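# A closer look at the structure
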Amino acid sequence: MFELILQLVVFLGAIFIGIRLGGIAIGYTGGLGVVILGLFLGMKPGNIPWDVILIIAAAIAAISAMQQAGGLDYMVRITERILRAHPKFINYLAPACGWLLTILAGTGNAVFSLMPVVVDVAKSQNIKPSVPLSLMVVSSQIGITASPVSAAVVYMSGVLEPLGWNYPVLIGIWIVTTFIACMLTAFIVSIITPLDLSKDSVYQERLKAGLVKDEGEILHSKDKPGAKLSVIIFLSAVLCVVFYATAISDNIKLISPVIVKRDEAIMSFLLTAAALITLFCKIEPAKILDTSVFKSGMTACVCVFGVAWLGNTFVAGHEQQIKDLAGEWVRDYPAMLAVAFFFASTLLYSQAATAKAITPIILTALGISATNPNDSYMLVACFAAVSALFVLPTYPTLLGAVQMDDTGSTRIGKFIFNHPFFIPGILAIVIAVILGFLIAPLF
């Protein structure tokens, strides 16, 4: 028991220090935790989630090439026109746009460019920017669990297909449940949250101090020559991923034998898209490294590397105890799987890393297999719960929203959890999981 407590202290301590340092440091401290657990506390290092890391890297390679070609700015400008054309509906359009961009791009970092627009439109309607910003950030996190090119979806669909789930069915369920959850959350939050910006004391103080900018157009730049083409190439690659993954699905098998596996196909399609964008949009490869998407994406890779490795090390060292406990809980209360996903994702800092750490344990604990797939619907229903990256106010998009809201309405309180992202995030996940339990058993 004493040894377990020490190991738990090291595990949580490494994550806590990484969170306090911020950014890429959480990946560094994950590696530090593995060193201490391995050399001083006798734990065998767990598996490194290379497949997750490589898929993230491939997606970031393609998206950053598109950004350098001007494609990401082009997509944001289209979204901006939608937001500005219907400003009264900013609380619904912001999360919808954030969700859609994440679905298409496979990364929630796509919403960074939308944040100034959301703040600007919200101010013009005397709405606290914290409401649409928090809804958009949460929607971008939960949208990862419905994106065909996200590492989390790739991993989970790979686990579920041998259990009788078609890839297009899974994507359809997750798209429907997450989108409805985001919209219902927007409706509830808009009702229970005071929206009047003029009554916010912090805003009034900042307004008097001249720290609040006037509402106005944010994006004036013209499209780069290859902007539209880069978007076409990237979205074509996404469609190829969906079609190929569907074609090799166990229950469809339009392509047989399967020489190129799903993970390999996704990585190769995305790298091909990056190559075609670089070639036909005539961008300088060296400048891709300077894009914000590349920097944040590579940071994500290191974070997943360190934190997921640390998490796998701790979980593998206590696998049997976790299996027994998780199996008992989930057998008696299926929704407890969502709770396990939820809390694990707050520590592992990644949807994909969480799914990979928890799912094998649940499969073994419940005896789910190709010959006994009856309870596999629970994994489908609870998948959205791996998106609890908003709990600790340290995630990049969350911090970005705080920094970009010059009204001060998007702020983190003295206590760790009293920030505007917490309630929308809880609501979105709860609603998505409930919808999952209603819809998944139908298939």
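No experiment lies behind these values; they were computed from the predicted model shown.

## Some points on the overall build of the protein
Within the protein one finds 20 helices and zero strands. The principal-axis extents of the C-alpha atoms in the protein amount to approximately 60 × 50 × 45 Å. Looking at the protein as a whole, 54% of its 443 residues qualify as buried. Looking at the protein alone, contacts between residues at least 24 apart form 81% of all its contacts between residues at least 6 apart. Of the roughly 19200 Å² that the protein leaves accessible, carbon and sulfur atoms contribute 68%. Where the 26 positive side-chain charges of the protein centre and where its 25 negative ones centre are 6 Å apart.

## Quick word on the packing of aromatic side chains
Tallying each qualifying case throughout the model produces nine aromatic pairs. Their ring planes at 45 degrees and their centres at 5.4 Å tell us that Trp 50 and Phe 305 sit as a pair that is tilted. Of this pair, Trp 50 sits in helix H3 (residues 50-68) while Phe 305 sits in helix H14 (residues 292-317), and the two are 255 residues apart along the sequence. Between Tyr 377 and Phe 437, the ring centres sit 6.1 Å apart and the planes meet at 80 degrees, which makes this aromatic pair edge-to-face. Placement of Tyr 377 in helix H18 (residues 377-382) and of Phe 437 in helix H20 (residues 422-439) is noted, with a sequence separation of 60 residues between them.

## A word on the pattern of salt bridges
A complete count under the given rule lists four salt bridges for this structure. Between Asp 406 and Lys 123 there is a salt bridge, and its shortest N-O distance comes to 3.1 Å. Pair noted here: Asp 406 is in the loop between helix H19 (396-404) and H20 and Lys 123 is in helix H6 (residues 115-124), with a separation of 283 residues, a long-range link. Each member of the pair, Asp 406 as well as Lys 123, is classed as buried. A salt bridge links Arg 411 to Asp 200; the nearest nitrogen and oxygen atoms lie 3.4 Å apart. Residue Arg 411 is located in the loop between H19 and H20, and its partner Asp 200 is located in the loop between helix H9 (167-192) and helix H10 (201-208); the two are separated by 211 residues in the primary sequence. Using a relative accessible area of 4% as the deciding quantity, one classes Asp 200 as buried. One network of salt bridges, in which partners are shared, links Lys 128, Asp 200 and Arg 411.

## What to know about helix H1 (residues 2-21)
With 20 residues, H1 should cover 28 Å at 1.5 Å per step; its first-to-last C-alpha distance of 28 Å lies within 8% of that length. Of all the residues in H1, the buried ones are Gln 7, Val 10, Phe 11, Ala 14, Ile 15, Gly 18 and Ile 19. Each buried residue of H1 sits inside an arc of 160 degrees when the element is viewed along its axis, so together they form one side. The exposed set on the far side of H1, more than 90 degrees from its buried face, consists of Phe 2, Val 9, Arg 20 and Leu 21. In this structure, the buried residues of H1 make contact with helix H2 (25-39), H14 and helix H16 (336-348).

## Things to note about the packing of helix H8 (residues 151-160) against helix H12 (residues 262-280)
With their axes 10 Å apart at the nearest point, H8 and H12 run at an angle of 155 degrees to one another. The angle between H8 and H12 places the two elements in the roughly antiparallel class. The interaxial crossing formed by H8 with H12 has right-handed handedness. Contact residues: H8 offers Val 154, Ser 157 and Gly 158, while H12 offers Arg 262, Asp 263 and Ile 266. Its residues placed into classes, the contact of H8 with H12 shows two nonpolar, two polar and two charged.

## Considering the nonpolar core
Among the nonpolar cores identified, the biggest contains 135 residues, and Leu 83, Leu 160, Trp 174, Ile 277, Leu 337 and Phe 341 are the most heavily contacted of them. With ten residues, H3 is the largest single contributor of residues to this core. Here this core spans two domains, and each of domain 1 (1-45) and domain 2 (46-442) adds at least three residues to it.

## Some details on unusual backbone geometry
The phi dihedral of Asn 126 falls on the positive side, at around 55 degrees, and the residue is not glycine. A positive phi angle, close to 55 degrees, is found at Lys 282, a residue other than glycine. Along the chain, Lys 282 falls in the loop between H12 and helix H13 (285-288). Taking relative accessible area as the criterion, Lys 282 reaches 74% and is therefore assigned exposed.

## Brief notes about a nonpolar patch on the surface
Together, Leu 229, Ile 232, Leu 276, Leu 279 and Phe 280 give the surface a local cluster of nonpolar side chains, amounting to about 470 Å² of exposed area. Elements that contribute at least two residues to the nonpolar patch include exactly helix H11 (227-247) and H12. Among the elements that take part in the nonpolar patch, H12 stands out by supplying three residues, more than any other. Mapped onto the elements, Leu 279 comes out in helix H12. For Leu 279, a relative accessible area of 56% translates into the label exposed.

## Focus: the confidence of the model for the protein
Close reading of the predicted structure is inappropriate where its pLDDT is low. Residues at a pLDDT of 70 or more form 93% of the protein, whose mean pLDDT is 84. Summarising per-element confidence for the protein, the mean pLDDT is lowest in helix H15 (residues 319-332) (72) and highest in H20 (95).

## As for the domain arrangement of the protein
Its domain assignment divides the protein into domain 1 (1-45) and domain 2 (46-442). Taking only C-alpha atoms into account, the centre of domain 1 sits 26 Å from that of domain 2. Of the roughly 1700 Å² buried between domain 1 and domain 2 on both sides combined, carbon and sulfur atoms contribute 86%. Here domain 1 is connected to domain 2 by one residue pair in polar contact (both at pLDDT 80 or more). Looking at the side of domain 1 that touches domain 2, the elements that each hand over two or more residues are H1 and H2.

## Describing H6
Counting buried positions over the ten residues of H6 gives eight, a clear majority of the element. Every buried residue belonging to H6 is among Met 115, Val 117, Val 118, Val 119, Asp 120, Val 121, Ala 122 and Lys 123, and all of these are buried.

Parameters and conventions
Residues numbered from 1 in each chain as written. Predicted model: local features only at pLDDT ≥ 70, side-chain atom pairs only at ≥ 80, totals over all residues. Heavy atoms only, no water. Helix = DSSP H or I, 4+ residues; strand = E, 2+ residues; numbered from the N terminus. Buried < 20%, exposed > 50% of the residue type's maximum accessible area, 1.4 Å probe, protein only. Contact = heavy atoms within 4.5 Å. Areas by Shrake-Rupley, 256 points an atom, 1.4 Å probe, with all protein chains shown as cover. Lys, Arg positive; Asp, Glu negative; His and termini not counted. Charge placed at Lys NZ, Arg CZ, Asp CG, Glu CD. Phe/Tyr/Trp six-rings, centres within 6.5 Å; stacked < 30°, edge-to-face > 60°. Salt bridge = Lys/Arg side-chain N within 4 Å of Asp/Glu carboxyl O. Expected span 1.5 Å × (residues − 1). Arc of directions from axis to C-beta. Axes fitted to C-alpha atoms, helices over the stretch in contact; angles between N-to-C directions. Parallel < 35°, antiparallel > 145°, perpendicular 65-115°, else oblique. Left-handed = near helix turned anticlockwise from the far one by under 90°. Nonpolar A, V, L, I, M, F, W, Y, C, P; charged D, E, K, R; others polar. Core = buried A, V, L, I, M, F, W, Y, C linked by side-chain atoms within 4.5 Å. Domains from an automatic or database assignment. Patch = residues over 30% accessible without salt bridge, like charges linked within 9 Å, V, L, I, M, F, W, Y side chains within 5 Å. pLDDT = per-residue confidence, 0-100. Buried area = accessible area lost by both parts, 1.4 Å probe. Polar contact = N/O pair within 3.5 Å; in protein donor to acceptor, adjacent residues only side chain to side chain.

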